[in-house]
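The lines below spell out each chain.
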Amino acid sequence: NTSASNNTAVGYQAGYSNAGADNTAVGSGSLYYNTSGYSNTAVGHNALSANTTAINNTAVGKGAGIAVTTGTRNTFIGANCCDAVTTGERNTVIGRYNGNQGGLDIRTSDNNIVLSDGSGNPRVYIDSNGVQNITSGVVRLRDYLGSTPASGDFWDHYHYSDNTLRTNFNGSGADEMQLDTSGRLYARGGFYIGGVNSANLLDDYEEGTWTPVIRFG
């Protein structure tokens, strides 16, 4: 630290070059290169160490946000979390995702939310438009009957390897519905049209005869 005020630095060379105000650096090398950046919080060895002029960043974990230089208002929580992000701004990431894993690259991107697992695989990703993406796994919805959840009942919605979208009840192994990339919809029990009685059930190829009525006038 050179001349700035309201800073806290704990650890060998924490905030070493700092000239910005209201920074907190806890851990050796944290906020090491910070010059005029202010209101940053870095907790962990080398957390936000490359931060120079960026402001309002929070990084918790060894090496979290280590490559950020000018990206501002980021929140990174987890060991090595977003250690590849450089100029991306206003991102919130939890887990060991490094900023460029699993086909998702936010190194210079803004306004993203990522939840990842301990191996860095992004599991839930919300982009800058607010679109939520489940990058892997199954979306499981609990079935509520009345005011209390039914014991063990759930619906699984997942993207199958043949690019179909499938719905399964209680993990039975038999998909209730499938939607393919051509827009074709399959329902295991058939479709009801205009009601839920047996007469309204279309469950196979239907054929029959009909008599046209022609009216004049």
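Residues numbered from 1 in each chain as written. Predicted model: local features only at pLDDT ≥ 70, side-chain atom pairs only at ≥ 80, totals over all residues. Heavy atoms only, no water.

### A look at the pairing of strand β9 (residues 113-116)
What you see with β9 is a clean split: Val114 and Ser116 sit on the buried side and Ile113 and Leu115 on the side with no burial. Pairing of β9 with strand β10 (residues 122-126) involves four bridges; the strand directions are antiparallel. Across the sheet, residue Val114 finds its bridge partner in β10, namely Tyr125. Between the end of β9 and the start of β10, which pair antiparallel, lie five residues, with Gly120 showing a positive phi angle near 90°. (Buried < 20%, exposed > 50% of the residue type's maximum accessible area, 1.4 Å probe, protein only. Helix = DSSP H or I, 4+ residues; strand = E, 2+ residues; numbered from the N terminus. Pairing = 2+ DSSP bridges.)

### Observations regarding the pattern of salt bridges
Throughout the structure, instances matching the rule amount to four salt bridges. Residues Asp105 and Arg107 are paired through a salt bridge, measuring 2.7 Å at the closest nitrogen-oxygen approach. By relative accessible area, which is 39% here, Asp105 ends up partly exposed. A relative accessible area of 32% means that Arg107 is categorised as partly exposed. Between Arg123 and Asp117 there is a salt bridge, and its shortest N-O distance comes to 2.8 Å. Residue class for Arg123 comes out partly exposed when judged on its relative accessible area of 34%. Linked through salt bridges whose partners overlap, the residues forming this network are Glu89, Arg90 and Asp110. (Salt bridge = Lys/Arg side-chain N within 4 Å of Asp/Glu carboxyl O.)

### Thoughts on the environment of Gly130
Note on placement: Gly130 falls in the loop between β10 and β11 (132-134). Residues Gly130 and Ile113 lie 17 residues apart in sequence; the distance between their C-alpha atoms is 9.1 Å.

### Notes on unusual backbone geometry
One non-glycine residue, Asn46, lies in positive phi territory at about 65°. A relative accessible area of 24% places Asn46 in the partly exposed class. Even without glycine at this site, Arg73 takes up a positive phi of about 55°. Among the secondary structure elements, Arg73 is positioned in the loop between β4 (58-60) and β5 (75-77). Take Arg73: its relative accessible area is 42%, and that puts it in the partly exposed class.

### A few points about the sheet that holds strand β6 (residues 92-94)
What the nine strands build is an open sheet, ordered β1-β2-β3-β4-β5-β6-β9-β10-β11; its pairing is mixed. Whereas interior strands pair on both sides, the edge strands pair on one side only; in this sheet they are β1 (8-10) and β11. Geometrically, the sheet is characterised by an average inter-axis angle of 5° between neighbouring strands, direction not taken into account. (Axes fitted to C-alpha atoms, helices over the stretch in contact; angles between N-to-C directions.)

### Let's talk about a nonpolar patch on the surface
A contiguous nonpolar surface patch, about 490 Å² in accessible area, is contributed by Val10, Val26, Val43, Val60, Ile77, Ile94 and Leu115. The residue Leu115 is located in strand β9 in this model. (Patch = residues over 30% accessible without salt bridge, like charges linked within 9 Å, V, L, I, M, F, W, Y side chains within 5 Å. Areas by Shrake-Rupley, 256 points an atom, 1.4 Å probe, with all protein chains shown as cover.)

### Remarks on the environment of Asn98
Tracing the backbone through its elements, the reader meets Asn98 in the loop between β6 and β7 (100-101). Between the alpha carbons of Asn98 and Ser119 there is a distance of 9.8 Å; along the sequence they are 21 residues apart. Ignoring sequence-local partners within four residues, the contact set of Asn98 consists of Asn80, Cys82, Asp83, Ala84 and Val85. (Contact = heavy atoms within 4.5 Å.)

### Here's the deal with the side chain of Asn34
Within the secondary structure layout, Asn34 lies in the loop between β2 (24-26) and β3 (41-43). Classification of Asn34 as buried rests on a relative accessible area of 0%. Among the polar contacts listed, one links the side chain of Asn34 to the side chain of Asn18, at a separation of 2.5 Å. Ignoring any residue separated from it by four or fewer positions in sequence, one finds Asn34 in contact with Ser17, Asn18, Ala19, Gly20, Asn23, Asn40, Asn51, Thr52 and Ala54. (Polar contact = N/O pair within 3.5 Å; in protein donor to acceptor, adjacent residues only side chain to side chain.)

### Examining the packing of aromatic side chains
Tallied over the entire structure, the rule returns two aromatic pairs. Aromatic side chains Tyr16 and Tyr32 sit 4.9 Å apart centroid to centroid with 5° between the ring planes, which places their arrangement in the stacked category. Of this pair, Tyr16 sits in the loop between β1 and β2 while Tyr32 sits in the loop between β2 and β3, and the two are 16 residues apart along the sequence. Each ring, one from Tyr32 and one from Tyr33, has its centre 4.6 Å from the other, and the planes form 70°; the classification is edge-to-face. (Phe/Tyr/Trp six-rings, centres within 6.5 Å; stacked < 30°, edge-to-face > 60°.)

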